[in-house]
Amino acid sequence: MARYPTLFSPGRLGRQALRNRAIVSPLTRASATEDGLVTDQMRDYYADYARGGWGLVMTEAVYIDLKYSQGYKYQPGIGSDRQQESWRKVVDAIHAEGSPAFMQIFHCGAINQGNNWVEGSIAPSVFTPRGKQIDRYRGSGTLFQTPREITRDEMAEVVASYADAARRAAELGFDGIEVHGANGYLPDQFLTVHTNLRTDEYNGTVKNRIRFHCEVMRGVRAAVPDRPVGVRISQTKVNDFDYVWPGGEADAGAIFLALAKTGIDFIDISAHLGVTPVFGCADSLSGLAKKHSGLPVIANGKLQDPAVAEAALTGGQGDFCCIGKGALADPHWAAKIERGAAPIAFDPGMITPYATLDNYYGWRKANPSGVSAVKAVARDRAEAV
Ligand SMILES: Cc1cc2nc3c(=O)[nH]c(=O)nc-3n(C[C@H](O)[C@H](O)[C@H](O)COP(=O)(O)O)c2cc1C
């Protein structure tokens, strides 16, 4: 019997069959061209995941228009014909290795630290974003700029751009779409009380604060009726690690039910702190998503220990596991775990100073055994005393 029988059992996201339940988590690598085109290096990077034994390869966050959606320098986009076409080699390379591919689509809202197309940023309201620009995506270490309030016309345009991006991805052959509704970006700014100061029907109650997510998901659902569509949700944010939904489990119930009603196929719960109980109840956020939405749920957060991933699945905390830093460290994590080999462990040097592919491959070259030379020396010293 396999060592992790549930993790390595087949599953289904909408119409898409997955050979196992291990998914490559979306990982921004800021390695596209300045104008958001996908490079050959990125094609090879994704093809390597596709050879790595995963049930599904999810792309990094891809911006949806040539306006305010780009948040990071060298982030890839899918807002123009050229950008769309540049993804073709990636989806073809992933398929050639026999793996399905989903694209994560993205709008940064206020968390904009590098946009090739416009000056300024838009958000549900005018507010001062918490935290500082993120170094590993070439942030300047300074505060984020203050956004202006998005107009109602722009909100409709952004919903249409998500739908267009999904249609463009599907045209290329991407097998499914995930909307990045988590981690503090535009949709999450509507859901979060201190970034949504509106006085209209997009604020006031949790049902109102999840309204924008639901509009986006309905738009995407309608644009690609034959593909699995899902949304990523979180409490915490890249610029605010401690945020929790103020209404606790009641908020979770309202959020997951509202999302399920949009006709989507799955929910992905991003939780960098791990699949741990929330709101004083027995379940993690992904467990609550399963209970309240009735949809397949992808659990995430510190699941690179396969025993923890297996326990999350058997314990009702998710139907799939997406692996972030473990996948980044070793694109063949899934294949190695399945055959009982040790994957390369994550080392902060892989994303320091930048989370780019050049930086990662440089780290691998400098550490051919897959163990940081610095750490190995430290360990040898520790063993010597
Ligand atoms: C370098 C890096 C880039 C990331 N980029 C994205 C992204 O593009 N979209 C997203 O939803 N999450 C992104 N994340 C979050 C991961 O997908 C994942 O949720 C997080 O790392 C927690 O999972 P882990 O404990 O398995 O690493 C990123 C994380 C890292 C470390």
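Above: the structure in question.
Novice: What am I meant to see in the layout of surface pockets here?
Specialist: Gaps left between atoms show up when a probe the size of a water molecule is rolled over them. By volume, the largest pocket amounts to about 920 Å³. As for the largest pocket, its lining consists of 37 residues, and the residues nearest its centre are Leu27, Arg136, Tyr137, His272 and Lys325. Every element with two or more residues in the lining of the largest pocket is listed here: strand 5 (101–106) and helix 11 (325–329). Considering each element in turn, the lining of the largest pocket owes the most residues, three residues, to helix 11. A per-class count over the lining of the largest pocket returns 18 nonpolar, 13 polar and six charged.

Novice: What is the right way to read the pattern of salt bridges from this model?
Specialist: Oppositely charged side chains can form a pair if their charged atoms are brought close together. This structure, assessed with the given rule, holds 24 salt bridges. Between Asp164 and Arg167 there is a salt bridge, with its nearest N and O atoms 3.4 Å apart. With Asp164 and Arg167 both in helix 4 (residues 152–172), this residue pair falls three residues apart, about one helical turn. Given a relative accessible area of 36%, Asp164 falls into the partly exposed group. When its relative accessible area of 35% is taken as the criterion, Arg167 is described as partly exposed. Overlapping salt bridges, with partners in common, bring together Glu149, Arg152, Arg198, Asp200 and Glu201 in one network.

Novice: Looking at this model, I keep getting lost on the site of the ligand. Mind explaining?
Specialist: Close to the ligand lie 21 residues, the nearest being Ser25, Pro26, Thr28, Asn300 and Lys302. One nitrogen or oxygen atom from the side chain of Gln104 is found 2.9 Å from a nitrogen atom belonging to the ligand. Taking Arg232, its side chain carries an N or O atom lying 2.8 Å from an oxygen atom of the ligand. Protein chains bury 93% of the 610 Å² of accessible surface belonging to the ligand in isolation. In a pocket analysis with a 2 Å cut-off to the grid points, the ligand is assigned to the largest pocket. Broken down by class, the residue content of the shell around the ligand amounts to seven nonpolar, 10 polar and four charged.

Novice: Explain the packing of aromatic side chains here, please?
Specialist: The relation between two aromatic rings is expressed through the spacing of the ring centres and the mutual angle of the planes. All told, the structure shown has 15 aromatic pairs when counted by the stated rule. An aromatic cluster is present here, built from Tyr45, Tyr46, Tyr49, Trp87 and Phe174 joined pairwise through their rings. Note that Arg21 overlies the ring of Phe320, its terminal NZ or CZ placed 5.2 Å from the centroid.

Novice: For this particular structure, what's the right way to read the packing of helix 1 (residues 40–50) against helix 3 (residues 88–96)?
Specialist: Each pair of packed helices can be described by the angle between their axes along with the distance between the axes. Contact geometry for helix 1 and helix 3: axes closest at 8 Å, N-to-C directions at 25 degrees. In terms of their interaxial angle, helix 1 and helix 3 are classed as roughly parallel. Pair helix 1 / helix 3 crosses with right-handed handedness. For the pair helix 1 and helix 3, the contacting residues are Asp40, Arg43, Tyr46, Ala47 and Ala50 in the first and Lys89, Val90, Ala93 and Ile94 in the second. Classifying every residue of the contact of helix 1 with helix 3 gives six nonpolar, no polar and three charged.

Novice: Quick question: what am I supposed to make of the pairing of strand 10 (residues 266–269) here?
Specialist: Side-chain alternation along strand 10 places Phe266 and Asp268 on one buried face and Ile267 and Ile269 on a second face that is also buried. Here strand 9 (residues 229–233) pairs with strand 10 via four bridges, running parallel. Paired with Gly230 across the strands is Phe266, a residue of strand 10. A crossover connection joins strand 9 to the parallel strand 10 through helix 8 (residues 248–260); in handedness this β-α-β unit is right-handed. Of the pairings in the sheet, the one linking strand 10 to strand 11 (residues 297–300) comprises two bridges and is parallel in character.

Rules of the game
Residues numbered from 1 in each chain as written. Predicted model: local features only at pLDDT ≥ 70, side-chain atom pairs only at ≥ 80, totals over all residues. Heavy atoms only, no water. 1 Å grid on protein atoms, 1.4 Å probe; cavity = no way out; pocket = protein on both sides within 12 Å on 5 of 7 lines; lining within 4 Å. Points joined across faces, edges and corners; volume = space filled by probe spheres on them. Helix = DSSP H or I, 4+ residues; strand = E, 2+ residues; numbered from the N terminus. Nonpolar A, V, L, I, M, F, W, Y, C, P; charged D, E, K, R; others polar. Salt bridge = Lys/Arg side-chain N within 4 Å of Asp/Glu carboxyl O. Buried < 20%, exposed > 50% of the residue type's maximum accessible area, 1.4 Å probe, protein only. Near = heavy atom within 4 Å. Polar contact = N/O pair within 3.5 Å; in protein donor to acceptor, adjacent residues only side chain to side chain. Areas by Shrake-Rupley, 256 points an atom, 1.4 Å probe, with all protein chains shown as cover. Sits in = over half its atoms within 2 Å of the grid points. Phe/Tyr/Trp six-rings, centres within 6.5 Å; stacked < 30°, edge-to-face > 60°. Lys NZ or Arg CZ within 6 Å of the ring centre and 35° of its normal. Axes fitted to C-alpha atoms, helices over the stretch in contact; angles between N-to-C directions. Parallel < 35°, antiparallel > 145°, perpendicular 65-115°, else oblique. Left-handed = near helix turned anticlockwise from the far one by under 90°. Contact = heavy atoms within 4.5 Å. Pairing = 2+ DSSP bridges. Right-handed = clockwise from strand over helix to strand, strands pointing away.

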